[in-house]
Amino acid sequence: MSEYGYSYHRSIGGRHSRREEKDLISGIRKQHYDEIREHCLAEEELFEDPEFPTEDSSIFYSQAPPREFEWKRPHEICDNPVFIADGASRFDVQQGELGDCWLLAAIASLTVNQRLFAKVVPPDQSFQDGYCGMFRFHFWRQGEWVEVVVDDRLPTYYGQLTFMHSVDKNEFWSALLEKAYAKLEGSYESLKGGSTCEAMVDFTGGVSEFFDLKKAPPNMFSIMLKASQRGSLMGCSIDADPNELEARVDNGLVMGHAYSITSVILMDIETPSMSGKIPMVRIRNPWGNEAEWKGRWSDQSREWSLIPDSQKKAIGLTFDDDGEFWMSFDDFRGNFEKLEICNLGPDSLEEDELDGKKRWEGHTENGEWIPRVNAGGCRNYLDTFWTNPQYRVTLTDPDDDDDDDLCTMLVGILQKDRRKKRKEGLDMLTIGYVIYKLDDEGHGPLDIKYFKYHASSAKSPSFINLREVCGRHKLAPGTYVIIPSTFEPHQKGDYLLRIFTEKANQTNEMDEETGIIEDQEAHRIPGAREIPPPTEEEQEQEQALKASFRRVAGDDMEIDAYELRDILNTVFTREFSFDGFSLDTCRSMVAMHDGDLSGKLGFDEFKVLWRDLRRWKGVFREYDRDKSGKLSSYELRSALHASGFRLSNRTFSALVMRYSSKDGNVEFGDFILCAIRMKTMLASFKNIDEENSGHAAFDLDGFIQTVMYS
């Protein structure tokens, strides 16, 4: 490898520049095609990809290869290699030894839409002009389009391609596309087993839907026809036989095998006695051979005599052993069991390509489930469910063709990078979502009481361990909240929430602005807690504290952090099982009320501090329901809210990481320190943000003083 190649494409574990750190895509370094190509052409050398080397580990991660593979470039395999021969079509995709028929079915569907195909497989590449052994492909990756480059060294055995290939022995776009996708996922083995819609989403940026055809809605054909008219990609399958891999049924179909749907139409039928339209579906087996449907409307069946020649010509009817066949919709629904539809996003079709077609309105939100913060699990775990991320969506206008004045909404939750993490022993999380109707559009994040007393309006079809879970819902216009979650709590994962509607929608994360709840509004905010009148015990404590203060303070009637620690610990170590307030915590207490920056508290300042401590102590006791002397991190947000603090999701996450222990608990002393520092920081910020704009200009010294003195 050249010096340029080595220095530019260092391994992921080594040191790298800031630019390179920003260019990581799902664990592989982004490689700049134009720069590498220019260098290779100048040096008259062929590209060798250090990010996906020609090693066994790029093929298998869990086992040794069953045979010795040889990596060869196309011109070492045949005399006249071409990237795309006579245009790309669904017949170019042939399955090899890898169990990735789901990927092949998606690629076959992709070729039906040539504009989308050209976006994924740029056609301006060849083995002639400007060839340098490198090819590029584009994939939609978890919210954005990314470019993946590969060299053209492909795994072979006895000089033949081992995995995906074309019918034409000298055509290589499909084999190189498979390699680029394997690189994105970590290895060829990572492509074993999957859902056709998973690849369809990565080729289009669409939202996928799954239908159980045994429980299909009455308008299933209408959904498929509308999806086809919108350019959606579709796949279907029959559940696998547990006793046999890809078992063939007598009617020619294969169980546990992914097919692509390449057309859905209402086909003209004409006989001497009648004429009309029949719902039809065209399907392709990625094997591309004679393994086709043998029932009605199969190749050469007598039903085709009922179809006018003009209709046969319009649909491009052929009777070759190419894996493609037609079925009536009734036969399709009666034989296939699973249907997958990838609905194209709003940016998948350009204005000039719509041609009367409608496209979805879309919205995307990135999020993460963080254990101890917002990984609350499903509704079965009510105590933590409410801490999950929450998203508000407002549906305004019903669908044009809906007689019930309802709005169609597709919701998709996509978990990120799980396939790639298989080699780390991580599999897909079991995920889903629930939708609730809101009566108050301005409502903040919903608390546990809301979910205890309100039923959901809709939910995901199931909680399942797929990369993406999607559901189609018909809802009345109004405001809703979507809650994505894992099935069990405390599971870590990144996700992408996508919402598609036929009409425009308004969507945002339900969050609060970090701040202090003022006394005059506390009674209007659920969870906020006013200071109750002191109990008889607290009145006695206050008198004792006052006497202790005068005794310790001396003539100047002021105490420092050391003296404050002795006074408070005398009281609080009797009430709570903890080691007492640290000197650092007491310094923060002094800083919170030390208006003259003397480093000491006068008695009036001490009384204000005691008022805060009494409220926070009461809140801690209220939420420490098991009397353990600790709060769980899930209880912390409610406790801080009751203490008078509004917290954004980001701020709360930072507080949990700062003040909770490894087991996710917050002790009494840490809770008090957290409340003190929050109040001090917010007060300092408010003093500078005089216009209450949410922005403040700190100089460096002022920022350091604010942080250090809180």
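Conventions used here
Residues numbered from 1 in each chain as written. Predicted model: local features only at pLDDT ≥ 70, side-chain atom pairs only at ≥ 80, totals over all residues. Heavy atoms only, no water. Helix = DSSP H or I, 4+ residues; strand = E, 2+ residues; numbered from the N terminus. Buried < 20%, exposed > 50% of the residue type's maximum accessible area, 1.4 Å probe, protein only. Contact = heavy atoms within 4.5 Å. Areas by Shrake-Rupley, 256 points an atom, 1.4 Å probe, with all protein chains shown as cover. Axes fitted to C-alpha atoms, helices over the stretch in contact; angles between N-to-C directions. Left-handed = near helix turned anticlockwise from the far one by under 90°. Nonpolar A, V, L, I, M, F, W, Y, C, P; charged D, E, K, R; others polar. Pairing = 2+ DSSP bridges. Polar contact = N/O pair within 3.5 Å; in protein donor to acceptor, adjacent residues only side chain to side chain. 1 Å grid on protein atoms, 1.4 Å probe; cavity = no way out; pocket = protein on both sides within 12 Å on 5 of 7 lines; lining within 4 Å. Points joined across faces, edges and corners; volume = space filled by probe spheres on them.

### Focus on the overall build of the chain
Thinking step 1. Along the chain, the regular secondary structure elements total 23 helices and 28 strands.
Thinking step 2. When the 710 residues of the chain are sorted by exposure, 53% land in the buried category.
Thinking step 3. Taking the contacts inside the chain whose residues are at least 6 apart along the sequence as the reference set, 74% of them involve residues at least 24 apart.
Thinking step 4. Summed over all atoms, the accessible surface of the chain reaches about 33200 Å², with 46% contributed by carbon and sulfur.

### Re the packing of helix H16 (residues 536-553) against helix H19 (residues 603-623)
Thinking step 1. Packing of H16 against H19 brings their axes to within 12 Å, and their N-to-C directions diverge by 145 degrees. As for the relative orientation of H16 and H19, their crossing is right-handed in sense. Residue-level inspection shows Glu538, Gln541, Glu542, Leu545, Lys546 and Phe549 of H16 in contact with H19, the latter providing Phe603, Phe606, Trp610, Arg614 and Lys617.
Thinking step 2. Grouping the constituent residues of the contact of H16 with H19 by class yields five nonpolar, one polar and five charged.

### Describing the sheet that holds strand S20 (residues 478-486)
Thinking step 1. Sheet architecture is open: five strands sit in the order S18-S17-S20-S15-S22, paired in antiparallel fashion. The open sheet is flanked by strand S18 (458-459) and strand S22 (505-509), the only strands paired with a single partner.
Thinking step 2. Bridge analysis of strand S17 (residues 431-438) against S20 gives eight bridges, and the strand direction is antiparallel. Looking at S20, one finds that Leu438 is bridged to Thr479.

### Quick look at helix H5 (residues 101-110)
Thinking step 1. H5 sits mainly inside the fold: ten of its ten residues count as buried.
Thinking step 2. Inspection of H5 places Cys101, Trp102, Leu103, Leu104, Ala105, Ala106, Ile107, Ala108, Ser109 and Leu110 among the buried residues, and these make up the whole buried set.
Thinking step 3. On its buried face, H5 is in contact with helix H6 (114-120), helix H7 (173-185), helix H8 (196-204), strand S9 (233-237), strand S10 (258-270) and strand S11 (275-284).

### Thoughts on helix H20 (residues 633-642)
Thinking step 1. The element H20 is largely enclosed, with a buried count of nine among its ten residues.
Thinking step 2. Downstream of H20 by a residue or two, Gly644 has a phi angle that is positive, lying close to 105 degrees.

### Structural notes on the sheet that holds S11
Thinking step 1. The strand order across the open sheet formed by six strands is S8-S13-S9-S10-S11-S12, and the pairing between neighbours is antiparallel. The open sheet terminates on both sides in strands that have one partner only, identified here as strand S8 (207-212) and strand S12 (324-328). Neighbouring strand axes in the sheet, compared pairwise and without regard to direction, differ in orientation by 35 degrees on average.
Thinking step 2. Sheet topology places S8 next to strand S13 (residues 338-343); six bridges connect them, and they run antiparallel. Paired with Asp212 across the bridge in S13 is Lys338.

### A closer look at the environment of His593
Thinking step 1. Tracing the chain through its elements places His593 in helix H18 (residues 583-593).
Thinking step 2. By relative accessible area, which is 12% here, His593 ends up buried.
Thinking step 3. Excluding residues that lie within four positions of it along the chain, His593 makes contacts with Leu601, Glu605, Val608, Leu609, Asp612 and Lys679.
Thinking step 4. At a separation of 3.4 Å, a polar atom in the side chain of His593 contacts the side chain of Asp612.

### Quick notes on empty space enclosed by the protein
Thinking step 1. Within this structure, the stated rule accounts for six cavities of 30 Å³ or more.
Thinking step 2. A volume near 90 Å³ is recorded for the largest cavity.
Thinking step 3. As for the largest cavity, its lining consists of 13 residues, of which Arg282, Leu317, Thr318, Glu324 and Trp326 are closest to the centre.
Thinking step 4. Tallied by class, the residues present in the lining of the largest cavity amount to six nonpolar, three polar and four charged.

### Re the side chain of Asp100
Thinking step 1. Relative to the helices and strands, Asp100 is located in the loop between helix H4 (74-77) and H5.
Thinking step 2. The residues touching Asp100, leaving out its near neighbours within four places in the chain, are Gln95, Met164, Glu178 and Leu191.

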